[in-house]
Amino acid sequence: VVGAGGNFGAIVLGNIIRFTTDYDTAFEYIAWLTIGLSLLTPFIVIRGYRGIFFGTEEASQRQSLLVPGASPKLVPARFKNRRPQ
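None of the values given here were measured: they were computed from a predicted structure.

Draft legend 1. Here's a closer look at the overall build of the chain. Summing up its helical and strand segments, the chain has three helices and zero strands in all. When the helices and strands of the chain are read in sequence order from the N terminus, they spell out α-α-α. In the chain, buried positions account for 9% of the 85 residues. Taking the intrachain contacts of the chain between residues at least 6 apart in sequence as the baseline, contacts between residues at least 24 apart amount to 5%.

Here is the structure:
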């Protein structure tokens, strides 16, 4: 979780430190925010993949992500019919 917020996380955490009265309170807010958000991560589901608690795994979706030849968008048109030499 640490560092994963990027620019948005830096702005949010910077404002928490800026608008609280002391550093102890600011870091306590940041700690509770980190704990709360980390408890939500098991509920993330990516389409086509099974999550920790729910969701279904679709083999067709997974295959198109793993096999470059399965998706015409991954192979440029000039290389489609090219034979290896």
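Draft legend 2. Summary view of the packing of aromatic side chains. All told, the structure shown has two aromatic pairs when counted by the stated rule. Pairing tyrosine 23 with phenylalanine 27 gives two aromatic rings, centres 6.5 Å apart and planes at 35 degrees, and the pair type is tilted. A residue pair is termed a helical-turn pair when its members lie 3 or 4 positions apart in one helix, as tyrosine 23 and phenylalanine 27 do in helix H2 (residues 23–40) at four residues. Residue class for phenylalanine 27 comes out partly exposed when judged on its relative accessible area of 48%.

Draft legend 3. Seen up close, the packing of helix H1 (residues 6–19) against H2. Put simply, H1 and H2 touch, their axes get as near as 8 Å, and they point 145 degrees apart. By crossing handedness, the relation of H1 to H2 is classed as right-handed. When H1 is examined against H2, the residues Val12, Leu13, Ile16 and Ile17 are found in contact with a partner set consisting of Tyr23, Ala26, Phe27, Tyr29, Ile30 and Leu33. In terms of residue class, the contact of H1 with H2 is made up of ten nonpolar, no polar and no charged.

The rules we used
- Residues numbered from 1 in each chain as written.
- Predicted model: local features only at pLDDT ≥ 70, side-chain atom pairs only at ≥ 80, totals over all residues.
- Heavy atoms only, no water.
- Helix = DSSP H or I, 4+ residues; strand = E, 2+ residues; numbered from the N terminus.
- Buried < 20%, exposed > 50% of the residue type's maximum accessible area, 1.4 Å probe, protein only.
- Contact = heavy atoms within 4.5 Å.
- Phe/Tyr/Trp six-rings, centres within 6.5 Å; stacked < 30°, edge-to-face > 60°.
- Axes fitted to C-alpha atoms, helices over the stretch in contact; angles between N-to-C directions.
- Left-handed = near helix turned anticlockwise from the far one by under 90°.
- Nonpolar A, V, L, I, M, F, W, Y, C, P; charged D, E, K, R; others polar.

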